[in-house]
Each structure stands twice: as structure tokens, then as C-alpha cells.
Amino acid sequence: MDRKALMESVQAQMSSRRWYHTEGVMSTAADLVKRYGGDPEQAELAVILHDVAKQWPVEKMAEAIREEGEYLEVLDHDKELWHAYAGAYAARRDYGITDPQVLDAIRFHTSGRPGMSHLEKIVWLADLIEPGRSFPLVSDIRELAEQSLEKAILAGLDTTILFLIEKGKRIYPLTLLARNNLILKEAEA
Ligand code: DGI
Ligand code: FE
Ligand code: FE
């Protein structure tokens, strides 16, 4: 499937607003690749697909995760996390994506995880700070993103975790581990 057909097929699975977000993430990810390096085509592919399952019915997401069978524990956590895992499944099954780095960038784009790859970092951060995002600290995180990928992600994880605490929500362990891991690495740097 060529790029145009892929984009049309993904777009058909979401609202225009959600697709507009995806286009924003594409542009921010491209900027981050220019600044920090990485493969622009790999990043673009992961970004186009990152929210493909976002607006699937919850039961369809759960089925995809059960069928993949590898990350079943996510089903015991917030449903907001499921679309990332279901998205990786859709990328492989529906779009024939085999690049494990692209699949992981989709799978961990919401939670993050310790030891994120460069591609995972680009996708995670671009998703958070694309031009359409407006939450209190987004401009600070955009500024940090011009200095350091890791510092910006750390600030983003802090904001996300605080947001979840304010809402009285559970926090997915991988998100906490991602933060701990980045703090350690920053201390070593
Ligand atoms: O899909 P998007 O809206 O573009 O963004 P996303 O994939 O980062 O999803 C963000 C949502 O996930 C947001 O409402 C917070 C929610 N969420 C729930 N539990 C967790 C979580 N996000 C993280 N990082 N960690 C959690 O434990
Ligand atoms: Fe998402
Ligand atoms: Fe997104």
C-alpha cells in the first residue's frame, strides 16, 4: 500500500478532528527528526498509524490485544492505553508493517516505557506537543523540545502523571518506569 492509500485508510477509521491531530503529529515528528536525527520515513509511518485504533469500539481493541496475546496485562489497566496496543496489531495485521521498531513506536506511544528507542521518543513527544495540543504546560515542553528530547519527555511524563493523579486515575507501571529510567539517564549524562 502506498503512502496516500495508507493515509486514506487510516483517516477513514477516525473523525476529522483525530486525523487533524495525526497530521499535526506528522509535522512535529518531522521537525524533531530534522533536529535530532532518525529515519524520517520510519517516523512518518509510525505516526500515520499511531492512533489508527483510537476510535475503534472498546471490544474491538480488546479483541486485537487478546489475539496478539503478548501484552495482555494492559487489559487490566485504563482503556485509554488500549488503542496503542491495538494500533500496533492493526499496523501488522491490516497494513503488513513488519518493522519491529515501527510497531513498538505505535505500541508504546501512550505509556512510554523504560529504554525507549530514538524513534519511540520522537513519536511519544510529537504526539504530546503537536500544534493542536493545548494543555497548561505545553508551551514549556515545546521549548524544552528544542534543547533536549529526553528533558522534554521527562517534563511530559511529569505532566501526564500529575494529570492522572488529579483525575484520580491509576497510573500504568510502564509510564512510571519510563520516568524513573529517564531521570537516571539524565543524572548520568
Ligand atoms: O491518543 P492521544 O489522545 O493522541 O494521546 P495518547 O495516546 O498519549 O493518550 C493519552 C491518554 O491516555 C490521556 O487521556 C491519558 C491516558 N492515560 C491513561 N492512563 C495512562 C495514560 N497515559 C499514560 N502515559 N500513562 C497512563 O498510565
Ligand atoms: Fe494515542
Ligand atoms: Fe495521538
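Draft legend 1. Structural detail: helix 5 (residues 82–93). Along its 12 residues, helix 5 runs 16 Å from first to last C-alpha, staying within 8% of the 16 Å computed at 1.5 Å per residue. Of all the 12 residues making up helix 5, 10 are buried; the element is thus mostly covered by neighbouring parts of the structure. Of all the positions in helix 5, only Trp82, His83, Ala84, Tyr85, Ala86, Gly87, Ala88, Tyr89, Ala90 and Ala91 are classed as buried. Here the buried face of helix 5 lies against helix 3 (40–50), helix 4 (58–68), helix 6 (100–107) and helix 10 (173–188).

Draft legend 2. Up close: the site of ligand 1. Lys54, Thr110, Arg133, Tyr172 and Thr175 are the nearest of the 18 residues found near ligand 1. Here an oxygen atom of ligand 1 and a side-chain polar atom of Lys54 are 2.7 Å apart. Between ligand 1 and the protein, one listed contact pairs a nitrogen atom with a side-chain N or O atom of Thr175 at 2.9 Å. Within the complex, the protein chains bury 87% of what would otherwise be the 580 Å² of accessible surface of ligand 1. Here ligand 1 is seated within the largest pocket. Of all the elements in the fold, those that place two or more residues in the shell around ligand 1 are helix 2 (16–36) and helix 9 (149–166). A class-by-class count of the residues in the shell around ligand 1 yields four nonpolar, seven polar and seven charged.

Draft legend 3. Inspection of the nonpolar core at higher detail. Judged by nonpolar contacts, the single largest core of 62 residues is most densely connected at Val10, Leu49, Tyr85, Leu125 and Ile141. Those residues in contact with Tyr85, other than ones at most four positions away along the chain, are Ile65, Glu68, Tyr71, Val74, Arg107, Phe108, Ser111, Tyr172 and Leu174.

Draft legend 4. Up close: the layout of surface pockets. Its boundaries defined by the atoms lining it, the largest pocket holds a volume of some 990 Å³. Around the largest pocket, the lining is made up of 31 residues, and of these Thr110, Leu128, Thr160, Phe163 and Leu164 lie nearest the centre. For the lining of the largest pocket, the secondary-structure elements that each account for two or more residues are helix 7 (118–129) and helix 9. With six residues, the single largest contributor to the lining of the largest pocket is helix 9. Of the residues that constitute the lining of the largest pocket, the class distribution is 11 nonpolar, 10 polar and 10 charged.

Draft legend 5. Summary view of the coordination of the iron ion (ligand 2). Every protein donor of the iron ion (ligand 2) is accounted for by Asp51 (OD), His83 (NE2) and His109 (NE2), and the metal-donor separations fall at 2.1 Å. The sequence pattern formed by the donor residues of the iron ion (ligand 2) is D-x31-H-x25-H. The two metals, the iron ion (ligand 2) and the iron ion (ligand 3), are separated by 3.5 Å and share Asp51 as a common coordinating residue. Residue Asp51 is found in the loop between helix 3 and helix 4, and its partner His109 is found in the loop between helix 6 and helix 7; the two are separated by 58 residues along the sequence. Accessibility classification places Asp51 together with His109 in one group, the buried group.

Calculation rules
- Residues numbered from 1 in each chain as written.
- Chains lettered and ligands numbered in written order.
- Predicted model: local features only at pLDDT ≥ 70, side-chain atom pairs only at ≥ 80, totals over all residues.
- Heavy atoms only, no water.
- Helix = DSSP H or I, 4+ residues; strand = E, 2+ residues; numbered from the N terminus.
- Expected span 1.5 Å × (residues − 1).
- Buried < 20%, exposed > 50% of the residue type's maximum accessible area, 1.4 Å probe, protein only.
- Contact = heavy atoms within 4.5 Å.
- Near = heavy atom within 4 Å.
- Polar contact = N/O pair within 3.5 Å; in protein donor to acceptor, adjacent residues only side chain to side chain.
- Areas by Shrake-Rupley, 256 points an atom, 1.4 Å probe, with all protein chains shown as cover.
- 1 Å grid on protein atoms, 1.4 Å probe; cavity = no way out; pocket = protein on both sides within 12 Å on 5 of 7 lines; lining within 4 Å.
- Sits in = over half its atoms within 2 Å of the grid points.
- Nonpolar A, V, L, I, M, F, W, Y, C, P; charged D, E, K, R; others polar.
- Core = buried A, V, L, I, M, F, W, Y, C linked by side-chain atoms within 4.5 Å.
- Points joined across faces, edges and corners; volume = space filled by probe spheres on them.
- Donors = N, O, S within 2.8 Å, 3.2 Å for Na, K, Ca; no water.

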